[in-house]
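Structural overview for review
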Amino acid sequence: LTLEDFQEADGKLSFTVSADCYAHAVHFGLGADKLFSDQYFDLLPGESRRITLENPQGIQPAELQADCVFIP
């Protein structure tokens, strides 16, 4: 999974997540207190999705990591 194109505006952090193979249950593992626009979704090979973290207080872009189940 690749996270890129980070943008901060209006107290929110947005970024794009993409995959080069099928990725099941993509999530970010920051706990229930962090509100993502989407969490636990699937990505097809070559697909990307724009995600917004509504309350990124204390989170730096370099700290964000996506996890999933890869299905080759």
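Up top you'll find the structure we're talking about.
These notes cover the structure that comes with them.

The rules behind these values
- Residues numbered from 1 in each chain as written.
- Predicted model: local features only at pLDDT ≥ 70, side-chain atom pairs only at ≥ 80, totals over all residues.
- Heavy atoms only, no water.
- Pairing = 2+ DSSP bridges.
- Helix = DSSP H or I, 4+ residues; strand = E, 2+ residues; numbered from the N terminus.
- Axes fitted to C-alpha atoms, helices over the stretch in contact; angles between N-to-C directions.
- Buried < 20%, exposed > 50% of the residue type's maximum accessible area, 1.4 Å probe, protein only.

Turning to the sheet that holds strand β3 (residues 22-27), a few remarks are in order. Spatially, three strands are ordered β4-β3-β6 in an open sheet, and the strand pairing comes out antiparallel. Bordering the open sheet on either side are β4 (41-43) and β6 (67-71), each of which pairs with just one other strand. Adjacent strand axes in the sheet meet at a mean angle of 25 degrees, parallel and antiparallel pairs treated alike. In this structure, β3 lies alongside β6, joined through four bridges in antiparallel fashion. Following the sheet pairing, H27 is matched in β6 by D67.

This part is about the environment of Q57. For Q57, the position within the fold is in the loop between β5 (48-53) and β6. The exposure class of Q57 is exposed, given its relative accessible area of 56%. C-alpha of Q57 to C-alpha of G29: the two residues are 28 residues apart in sequence and 15 Å apart in space.

At D5, a position not held by glycine, the phi torsion is positive, near 55 degrees. Here D5 shows up in strand β1 (residues 2-9). On the basis of relative accessibility, which here comes to 43%, the residue D5 falls in the partly exposed class. A positive phi is found at D10, a non-glycine position, where the angle reads about 55 degrees. By the secondary structure assignment, D10 is in the loop between β1 and β2 (12-18). On the accessibility criterion, D10 (78% relative accessible area) is exposed.

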